Amino acid sequence: MREARSSRGKWGEGPLPAAARGYLGRVGAPGAGAGAAMDPFLVLLHSMSAGLASAEVTELKFLCRGLVSKKRLERVQSGLDLFSALLELNELDGGRTALLRELLTSLRRHDLLRRLDDFEAGAAARAGPEEEGLHVAFNIICDNMGRDWRRLARHLRVSDAKIDVIEEKYPRNLTEQVRESLRTWKNMRGEEATVAHLVGALRACNLNLVADLVTEAQQALKLQNGAGAVASMECDTGVATPGAP
């Protein structure tokens, strides 16, 4: 990973703002915010910080030199400190996890990447059926694509320049190359980025086996969501399905 940079510039040289100090410190504080639901993304960052070794924090500080001022980085002692800085700079939030994924990839912490995947899957499920369907489709494509991802990316109108950037960003991680190309397409297309569009692109590239896997997974997801909706309705109304005890 190249040194992270931002168009927003570095954090100021002064003391850590109170807002930033409160971002993550309260997550692990006993009794803090009793009765209030904690932000799942902050909980994720807190758990990741606990799993980082001192040498890994040092490496992350080096990679973030283009985002956080030198004096601020000198005072960073833990993952929490660094994550708080990045949150204050709006480089991280629950809907924009690309930088976090890039940092974890650089550390080769595949265990923490799996936690991030689980968080994104939960966020997708909360966002709605189409978002959840895309997340499932992305996982299938990442697991089954291989070197043909460039052909798919071009069919999805991801430019060669962006493909080159993706390859430079993840030079030895094929899975992350595929995932980043799909995220790039999704960000470009917005609401037009649908599972149906993705399946059509796979078939146009003669990647019919992967397209079939995505289609089967979508059908299973619809059945699962439908069963969950019926169960929820039964709980709300007190009506049981025929034959139920």
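Residues numbered from 1 in each chain as written. Predicted model: local features only at pLDDT ≥ 70, side-chain atom pairs only at ≥ 80, totals over all residues. Heavy atoms only, no water.

**Student:** Which residues make up the overall build of the protein, and what values do they have?
**Tutor:** When helices and strands are tallied, the protein shows 13 helices and 0 strands. Order of helices (α) and strands (β) in the protein, N terminus to C terminus: α-α-α-α-α-α-α-α-α-α-α-α-α. A total of 245 residues make up the protein; the buried ones form 40% of that total. In the form shown here, the protein has an accessible surface area of approximately 13,300 Å², with 53% of it arising from carbon and sulfur atoms. (Helix = DSSP H or I, 4+ residues; strand = E, 2+ residues; numbered from the N terminus. Buried < 20%, exposed > 50% of the residue type's maximum accessible area, 1.4 Å probe, protein only. Areas by Shrake-Rupley, 256 points an atom, 1.4 Å probe, with all protein chains shown as cover.)

**Student:** How would you sum up the pattern of salt bridges? Please name residues and give values.
**Tutor:** One pass over the full model with this rule turns up 14 salt bridges. Between Arg151 and Asp148 there is a salt bridge, with its nearest N and O atoms 3.4 Å apart. Each of Arg101, Glu102, Asp117, Glu120, Lys169, Glu176, Glu180 and Arg183 takes part in salt bridges that share partners, so that together they form one network. (Salt bridge = Lys/Arg side-chain N within 4 Å of Asp/Glu carboxyl O.)

**Student:** Pulling in residues and values, what's your account of the packing of aromatic side chains?
**Tutor:** Taken as a whole and judged by the stated rule, the model has 2 aromatic pairs. A ring pair is formed by Phe41 and Phe119, whose centres lie 5.4 Å apart and whose planes are at 45°; its orientation type is tilted. Remark: Phe119 occurs in helix α7 (residues 110-127) and Phe41 occurs in helix α2 (residues 40-50); sequence separation between them is 78 residues. The exposure class assigned to Phe41 is buried, which follows from its relative accessible area of 2%. (Phe/Tyr/Trp six-rings, centres within 6.5 Å; stacked < 30°, edge-to-face > 60°.)

**Student:** How would you explain helix α6 (residues 98-107) if you had to name every residue and give the values?
**Tutor:** Of all the 10 residues making up α6, 9 are buried; the element is thus mostly covered by neighbouring parts of the structure. Just past α6, the residue Arg108 takes up positive phi, approximately 60°.

**Student:** So what's going on with unusual backbone geometry? Residues and values would help.
**Tutor:** Within the chain, Arg108 stands out as a residue other than glycine whose phi angle is a positive 60°. Here Arg108 shows up in the loop between α6 and α7. Non-glycine residue Asn206 carries a positive phi angle of around 60°. Looking at the secondary structure, you find Asn206 in the loop between α12 (195-204) and α13 (208-237).

**Student:** Before we move on, could you go through the packing of helix α10 (residues 160-169) against helix α11 (residues 174-189) and cite the residues and values that matter?
**Tutor:** Closest axis-to-axis distance for the α10/α11 pair is 9 Å, and the angle between their directions is 140°. For the element pair α10 / α11, the angle class is oblique. α10 and α11 meet at a crossing whose hand is right-handed. Taking contact as the criterion, the partners of Lys162, Ile166, Glu167 and Lys169 in α10 are, on α11, Gln177, Glu180, Ser181, Thr184 and Met188. A per-class count over the contact of α10 with α11 returns 2 nonpolar, 3 polar and 4 charged. (Axes fitted to C-alpha atoms, helices over the stretch in contact; angles between N-to-C directions. Parallel < 35°, antiparallel > 145°, perpendicular 65-115°, else oblique. Left-handed = near helix turned anticlockwise from the far one by under 90°. Contact = heavy atoms within 4.5 Å. Nonpolar A, V, L, I, M, F, W, Y, C, P; charged D, E, K, R; others polar.)

**Student:** Give me the lowdown on the nonpolar core, citing residues and values where you can.
**Tutor:** Counting 30 residues, the largest nonpolar core has Phe41, Met48, Leu86, Leu92 and Leu100 as the members making the most contacts within it. For this core, the secondary structure elements donating two or more residues are α2, α3 (54-63), α5 (79-88), α6 and α7. Those residues in contact with Phe41 that sit more than four places away from it in its chain are Leu87, Leu92, Asp93, Gly94, Thr97, Leu100 and Phe119. With 29 residues, the next largest nonpolar core counts Ile141, Cys142, Val158 and Val199 among its residues. (Core = buried A, V, L, I, M, F, W, Y, C linked by side-chain atoms within 4.5 Å.)

**Student:** Mind laying out the environment of Val68, listing which residues take part and the relevant values?
**Tutor:** Note on placement: Val68 falls in the loop between α3 and α4 (70-74). Using a relative accessible area of 0% as the deciding quantity, one classes Val68 as buried. For the pair Val68 and Ala85, spaced 17 residues apart in sequence, the C-alpha separation works out to 7.2 Å.

**Student:** Provide a residue-level description of the packing of α2 against α5, including the pertinent values.
**Tutor:** Packed helix pairs are characterised by how far apart their axes lie and by the angle those axes make with each other. Running from amino to carboxyl end, α2 crosses α5 at an angle of 145°, the nearest separation of the two axes being 8 Å. Here α2 and α5 pass one another in a crossing that is right-handed. Contacts between α2 and α5 involve Phe41, Leu42, Leu45, His46, Met48 and Ser49 from the first element and Gly79, Leu80, Phe83 and Leu87 from the second. A class-by-class count of the residues in the contact of α2 with α5 yields 7 nonpolar, 3 polar and no charged.

**Student:** How would you sum up α2? Please name residues and give values.
**Tutor:** Of all the positions in α2, only Phe41, Leu42, Leu44, Leu45, Met48 and Ser49 are classed as buried. Across the axial projection of α2, the buried residues extend over an arc of 155°, all falling on one side. (Arc of directions from axis to C-beta.)

**Student:** Which residues make up the confidence of the model for the protein, and what are the values?
**Tutor:** Low pLDDT marks regions whose predicted coordinates should not be analysed in detail. Averaged over all residues, the pLDDT of the protein is 79; the fraction at 70 or higher stands at 74%. Here residues 6-35 is modelled with pLDDT under 50, and outside its nearest four sequence neighbours on either side it reaches 57 contacts, counting other chains as well. The model gives residues 229-233 a pLDDT under 50, and that stretch makes 0 contacts with residues more than four places away or in other chains. (pLDDT = per-residue confidence, 0-100.)

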